Amino acid sequence: MRLIIFGPPGAGKGTQAGLLEERQDLVQISTGDIIREAMKNETPVGKEAKSYVESGELVPDEVVRKLAENAIADEDYDDVVLDGYPRTTQQAEWLTTFMEEHDIAIDAVLSLEVPDDVIVERLSRRRVHEETGETYHLDHDPPPEDVDSDLIVQREDDQPETVRTRLSVYREETQPLEDYYAERDLLVSIDGQGDIDEVYSRIESALDTRVAPPEA
Ligand code: AMP
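Residues numbered from 1 in each chain as written. Predicted model: local features only at pLDDT ≥ 70, side-chain atom pairs only at ≥ 80, totals over all residues. Heavy atoms only, no water.

Moving on, we get to the pattern of salt bridges. Tallied over the entire structure, the rule returns 15 salt bridges. Residue Asp197 is joined to Arg23 by a salt bridge in which the shortest nitrogen-to-oxygen separation is 3.3 Å. Of this pair, Asp197 sits in helix 9 (residues 196-210) while Arg23 sits in helix 1 (residues 13-24), and the two are 174 residues apart along the sequence. For Asp197, a relative accessible area of 45% gives the class partly exposed. Between Lys50 and Glu54 there is a salt bridge whose closest N-O contact spans 3.1 Å. Residue Lys50 and its partner Glu54 are both found in helix 3 (residues 44-55); the two are separated by four residues, about one turn of the helix. Connected via shared salt-bridge partners are Arg126, Arg155, Asp157, Asp158 and Arg166. (Salt bridge = Lys/Arg side-chain N within 4 Å of Asp/Glu carboxyl O. Helix = DSSP H or I, 4+ residues; strand = E, 2+ residues; numbered from the N terminus. Buried < 20%, exposed > 50% of the residue type's maximum accessible area, 1.4 Å probe, protein only.)

Let us now look at the packing of aromatic side chains. Under the counting rule described, the total for this entry stands at three aromatic pairs. Aromatic pair Phe6 and Tyr170: ring centres 6.2 Å apart, planes at 50°, arrangement tilted. Highlighted residues: Phe6 in strand 1 (residues 2-6) and Tyr170 in helix 7 (residues 160-174), separated in sequence by 164 residues. Exposure remark for Tyr170: the relative accessible area of 7% places this residue in the buried category. Seen from their ring centres, Tyr180 and Tyr181 are 5.0 Å apart, and the 85° between their planes marks the pair as edge-to-face. Here Tyr180 matches Tyr181 in class, with each residue buried. Here the guanidinium or amino end of Arg23 rests over the ring plane of Tyr200, the centre of that ring lying 4.8 Å away. Above the face of the Tyr180 ring, Arg184 is positioned so that its terminal group lies 3.6 Å from the ring centre. (Phe/Tyr/Trp six-rings, centres within 6.5 Å; stacked < 30°, edge-to-face > 60°. Lys NZ or Arg CZ within 6 Å of the ring centre and 35° of its normal.)

Taken together, 16 residues surround the ligand, and among them Thr31, Arg36, Glu57, Gly84 and Gln91 come closest. Take Thr31: an N or O atom from its side chain is 2.8 Å from a nitrogen atom of the ligand. Arg87 places a polar side-chain atom, nitrogen or oxygen, 3.0 Å from a nitrogen atom of the ligand. Computed on the free molecule, the ligand has an accessible area of 480 Å², of which 96% lies beneath the protein chains in the complex. Element by element, the count of residues in the shell around the ligand is highest for helix 2 (residues 31-40), at four residues. When its residues are assigned to classes, the shell around the ligand shows six nonpolar, four polar and six charged. (Near = heavy atom within 4 Å. Polar contact = N/O pair within 3.5 Å; in protein donor to acceptor, adjacent residues only side chain to side chain. Areas by Shrake-Rupley, 256 points an atom, 1.4 Å probe, with all protein chains shown as cover. Nonpolar A, V, L, I, M, F, W, Y, C, P; charged D, E, K, R; others polar.)

The next subject is the side chain of Glu69. Mapped onto the elements of the fold, Glu69 is located in helix 4 (residues 61-74). Ignoring sequence-local partners within four residues, the contact set of Glu69 consists of Trp94 and Phe98. (Contact = heavy atoms within 4.5 Å.)

Our focus in this paragraph is a negative patch on the surface. Side chains of Glu21, Glu22, Asp25, Asp74, Glu75, Asp76 and Asp79 sit close together on the surface and give a patch of like negative charge. Taking relative accessible area as the criterion, Asp79 reaches 36% and is therefore assigned partly exposed. (Patch = residues over 30% accessible without salt bridge, like charges linked within 9 Å, V, L, I, M, F, W, Y side chains within 5 Å. Lys, Arg positive; Asp, Glu negative; His and termini not counted. Charge placed at Lys NZ, Arg CZ, Asp CG, Glu CD.)

Next up on the list: helix 4. The terminal C-alpha atoms of helix 4 lie 20 Å apart, and with 14 residues this matches the ideal 20 Å at 1.5 Å per residue to within 8%. Buried within helix 4 we find Asp61, Val63, Val64, Leu67, Ala68, Glu69, Ala71 and Ile72. Those residues of helix 4 that are buried lie in contact with strand 2 (27-30), helix 2, helix 3, strand 3 (80-83) and helix 5 (89-101). Just beyond helix 4, the residue with positive phi is Asp76, at close to 60°. (Expected span 1.5 Å × (residues − 1).)

So this is what it looks like as structure tokens:
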């Protein structure tokens, strides 16, 4: 199965993709995580991406394309959930071509719907473990007490100013992909509000009705 998980920053893409990895045996491919890792290791890609990520802008399409395509190839082109890719029409077109070249297809695009006020609240309360990348919400999912609190930090791009930029970039560049995938009959809207398990069970029921079980 090949899925895309789609939605504004703070919609819960990473969290739900993590659960799909655990419970559906898919591999989560997060271009955001790959880019943050590259930044941490100061690789050429990391150095190129840094200023874009920190200001809330998108990293250039060609850079992200290579990261995503290599990661999909590493998983033998199957059993993946793409988290944060594609994010522009250009990326979506490249992905369609890439899939066709390898004679495969996306099964569904799960679009997490969350109103702006909830997003701003979630991102302002989001914290991340500096080393493991595990994310928390200060009120609903706080870091466990045995975790060293010095390692719990706020992502640079979760600062209010940057969140505003990310939301407007999302509306301009990424939201049009809803139409792109709706036209291809792949878009499945999921209510992204409520607790993590509630949202996950909506995803699961959507997948049950959408994605046929593998042939015996
Ligand atoms: P995320 O963790 O998915 O919110 O991604 C964090 C940041 O990484 C984004 O704000 C972008 O700067 C960059 N990024 C991640 N995925 C992409 C993508 N598909 N295209 C362009 N930039 C991306």
